[in-house]
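The chain contents come next:
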Amino acid sequence: MADEPTIGEVVRRLEDVRQDLKEDIHGVVALVNQKVDGEILRLGQQAQDERHTALVDRVAKLEQQAAEKERQRIADRRLIFFSLVVPVLLLAIQLYNANRGA
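Along each chain, the written sequence defines residue order, and numbers are assigned to residues from 1. Reporting in this predicted model follows two pLDDT cut-offs: at least 70 for local features of residues, and 80 or more for side-chain atom pairs to be given and counted; totals over whole chains, interfaces and linings ignore these cut-offs and use all residues. Heavy atoms throughout the structure, all of them, feed into the side-chain values; hydrogens and water do not.

Trainee: What should I look at first to understand the overall build of the chain in this one?
Mentor: Secondary structure elements follow DSSP: runs of H or I no shorter than four residues count as helices, runs of E no shorter than two count as strands, and numbering proceeds from the N terminus. Looking only at helices and strands, one finds one helix and zero strands in the chain. In terms of overall dimensions, the chain is more spread out than a globule: its C-alpha atoms have a radius of gyration of 43 Å, far above the 13 Å expected for 102 residues. Seen along its three principal axes, the alpha-carbon backbone of the chain occupies a region of about 150 × 15 × 10 Å. Every accessible area reported is derived by Shrake-Rupley at a probe size of 1.4 Å, with residue values counting cover from the shown protein chains alone. Of the roughly 9,700 Å² of accessible surface on the chain, 63% is carried by carbon and sulfur atoms. Computed over 15 positive and 17 negative side-chain charges, the separation of the two mean positions in the chain equals 22 Å. Based on C-alpha atoms, the radius of gyration is set beside the globule rule, defined as 2.2 Å times the residue count to the power 0.38. In this tally Asp and Glu are treated as negative and Lys and Arg as positive; neither His nor the chain ends contributes. A charged residue contributes its charge at one atom only: NZ of Lys, CZ of Arg, CG of Asp or CD of Glu.

Trainee: Mind showing me how you'd approach the pattern of salt bridges here?
Mentor: Where charged atoms of side chains with opposite charge meet at close range, the side chains can pair. We define a salt bridge as a contact between a side-chain nitrogen of Lys or Arg and a carboxyl oxygen of Asp or Glu at a distance within 4 Å. Counted according to the given criterion, the structure contains five salt bridges. Across the salt bridge formed by R42 and E39, the nearest N and O atoms sit 2.5 Å from each other. With R42 and E39 both in helix α1 (residues 7-101), this residue pair falls three residues apart, about one helical turn. Here R73 and E70 are joined by a salt bridge, their closest N and O atoms 2.6 Å apart. With a gap of three residues between them, R73 and E70 both fall in helix α1, about one helical turn apart.

Trainee: Please clarify how a nonpolar patch on the surface should be interpreted in this entry.
Mentor: Residues enter patches when their relative accessible area tops 30% and they take part in no salt bridge; the joining distance is 9 Å for like charges and 5 Å for the nonpolar side chains Val, Leu, Ile, Met, Phe, Trp and Tyr. Nonpolar side chains collect at one region of the surface, where I80, F81, F82, L84, V85 and L89 lie side by side and expose about 580 Å² of accessible area between them. For F81, the location among the structural elements is in helix α1.

Trainee: What's the story with α1 in this structure? I'm lost.
Mentor: Residues separated by three or four positions in an α-helix point in the same direction, a consequence of the helix having 3.6 residues per turn. Here, expected helix span is obtained from the residue count minus one, scaled by 1.5 Å. Taking 1.5 Å per residue, 95 residues should reach 141 Å; α1 reaches 138 Å between its end C-alpha atoms and fits that length. At V85, α1 shows its largest kink, close to 30°, and the proline P87 lies no more than four residues downstream. Two axes are fitted around each residue, one to the seven residues ending there and one to the seven starting there, and the angle between them is reported as the bend at that residue.

Trainee: Hey, could you run me through the packing of aromatic side chains in this one?
Mentor: What characterises a pair of aromatic rings is the spacing of the ring centres plus the angle enclosed by the ring planes. Only rings of Phe, Tyr and Trp enter the pairing, Trp through its six-membered ring, and a pair is recorded when the two centres are within 6.5 Å. The plane angle decides the type: under 30 degrees is stacked, over 60 is edge-to-face, the rest tilted. Scanning all chains against the criterion turns up one aromatic pair. Where F81 meets F82, the ring centres are 5.3 Å apart and the plane angle is 75°; that geometry is what we call edge-to-face.

Trainee: What is the right way to read a negative patch on the surface from this model?
Mentor: A surface patch of negative charge is lined by D16, D20, E23 and D24. Counting through the fold element by element, D24 comes out in helix α1.

Trainee: Explain the environment of L79 here, please?
Mentor: Here L79 shows up in helix α1. Measuring from C-alpha to C-alpha, the distance between L79 and V28 comes to 76 Å, with 51 residues separating the pair along the chain.

Trainee: Would you mind going over the environment of E23 with me for this structure?
Mentor: As for its position among the elements, E23 is in helix α1. Relative accessible area serves as the criterion here: at 48%, E23 is assigned to the partly exposed category. Put simply, E23 and R51 are 28 residues apart on the chain and 42 Å apart in space, counted from C-alpha to C-alpha. Accessible area is worked out with a 1.4 Å probe on protein chains only. A residue is then buried under 20% of its type maximum, exposed over 50%, and partly exposed in between.

What follows is the structure, given as structure tokens:
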């Protein structure tokens, strides 16, 4: 009977085991929270990278559209010049030559 633990000693050992399990569970919960926080951080960074890429693409597209509008405006100016100014100049030259020769 000397080798058998007393009830008080059994209760104390069970309380120690309970406390150890409680600490272990808190440690596991902390690790899971860190993993979840890391995963949330990674997903947030990935979403931010996707938004950045989309924004860069949008800016590039807007710059391309602005350059196309500028090229179109230059082409329109040439068209106006050649369709309005050149015929008037040709008419003026013909009138000048007609008056000079007359």
